[in-house]
Amino acid sequence: MKKRMLLYFGSFDPIHNGHIALAEYALDKDIADEVALVISPQNPFKADVLQTPEYTRYEMAEMACKASRYPERIKPSVVEFVLEKPSYTINTLDYLQQNHGDDMEFSIITGSDIWARFDEWKEYERILNEYKIYVYPRKGYAVEKFADRVVLLDDAPYVEFSSTEVRGKVERNEDISSMVAPEVAKYIADNQLWTLAGNIMRLTAMIESGERASLYIERGKCFYRRNEWGKAINDFNKAKSLEPDNEEAQQLHDMVYEILSFRYKDIYNP
């Protein structure tokens, strides 16, 4: 008899208690024998500081899975790290089916927010035809598309917060102990993830590897939030020099210039 493997795709940046609660729910409801959290790889062209390196996200996911009620049945997967980019879901499914299809039966679980754009996925019709799909509700996103072809998990645990909110709390130095596993919280603190200082260090290293306007803009935003106006405006100017038509760089530059002009009206800053 084949093992029922539920695939939970996501960036898990970071993994939080809501992700684990949903995986535990799936096992409690006997939807699957095991749950694999398939971590999406980092996009090398994305400058967003919120895109944490993939193996860092994997380490946190591994910690959270081990702290779950089913540490032997809920595990992170790096399968998409080694597949061709970009990581289309259908490609991952084909790879898993070809290599493990004799032993495993695959299904998918996803949120209604992601499901709202399902028809934009590559070969989405084939996914619908070949795999059982479970959709859990997310606030503000009703399941309308292909509702008759999926299993809606109305009683799935609902979590108010998201990974974005976890990162925001870390940046503001607020408590996240109710949102992530203790081991994950410690890992985040030890590695200065999503702190302004940590982001500046990461972006500086990325800039040293290859200058891009987007990187200077992101680092300038970090300096801006630390009220380091000179460093911020320098980064926005650098971004403009690399991309003269970059509207975001120009707007941010002008915003900082207005702040400086307003705050320092004295003989040293006429």
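This text follows the structure it describes.
Residue positions are given per chain, counted from 1 along the sequence in the order it is written. Only residues with pLDDT of at least 70 get local features here, since the model is predicted, and only at 80 or more are side-chain atom pairs given and counted; chain-wide, interface and lining totals rely on the full set of residues. Think of the side-chain values as coming from all heavy atoms in the structure, minus any hydrogens and water.

A. Structural context of the nonpolar core. To form a nonpolar core, buried Ala, Val, Leu, Ile, Met, Phe, Trp, Tyr and Cys residues must be joined to one another through side-chain atoms within 4.5 Å. Note on classification: 1.4 Å probe, protein chains only; a residue is buried when its accessible area is under 20% of the maximum for its type, exposed when over 50%, partly exposed between these limits. Ile15 and Val35 are the most contacted members of the largest nonpolar core, which has 40 residues in total. The secondary structure listing takes helices from DSSP runs of H or I that are at least 4 residues long and strands from runs of E that are at least 2 residues long, numbered from the N terminus. Going through the elements one at a time, strand E1 (3–10), helix H1 (17–28), strand E2 (34–39), helix H2 (54–66), strand E5 (132–136), helix H6 (163–171) and helix H7 (182–190) are the ones with two or more residues in this core. Looking at this core, the element that brings in the most residues is H1, giving six residues. Leave out the neighbours within four places in its chain, and Val35 touches Met5, Leu6, Tyr8, Ala23, Ala26, Leu27, Arg73, Ile74 and Lys75. In terms of nonpolar packing, the next biggest core, distinct from the first, is built from 20 residues, Val79, Phe106, Tyr131 and Val135 among them. We call two residues in contact whenever any of their non-hydrogen atoms come within 4.5 Å of each other.

B. Representation of the sheet that holds strand E6 (residues 151–152) within the structure. Whether two strands pair comes down to DSSP finding at least two bridges between them. What the six strands build is an open sheet, ordered E3-E2-E1-E4-E5-E6; its pairing is parallel. Either end of the sheet is taken by a strand with one partner, and the two such strands are strand E3 (74–77) and E6. Axes here refer to lines fitted to C-alpha atoms; in helices the fit is confined to the stretch in contact. Angles between the N-to-C directions go from 0 to 180 degrees. Its contacts with the sheet place H2 against E2 and E3, and it is angled at close to 170° to E3.

C. Seen up close, helix H10 (residues 229–242). A helix is expected to span 1.5 Å multiplied by its residue count minus one. The end-to-end C-alpha distance of H10, which contains 14 residues, comes to 20 Å, matching closely the 20 Å that a straight helix rising 1.5 Å per residue would cover. Trp229, Ala232, Ile233, Asp235, Phe236, Ala239 and Lys240 are the residues of H10 that are buried. One side of H10 holds all its buried residues, which, seen down the axis, span an arc of 160°. Here, the arc refers to the directions that run from the helix axis to the C-beta atoms.

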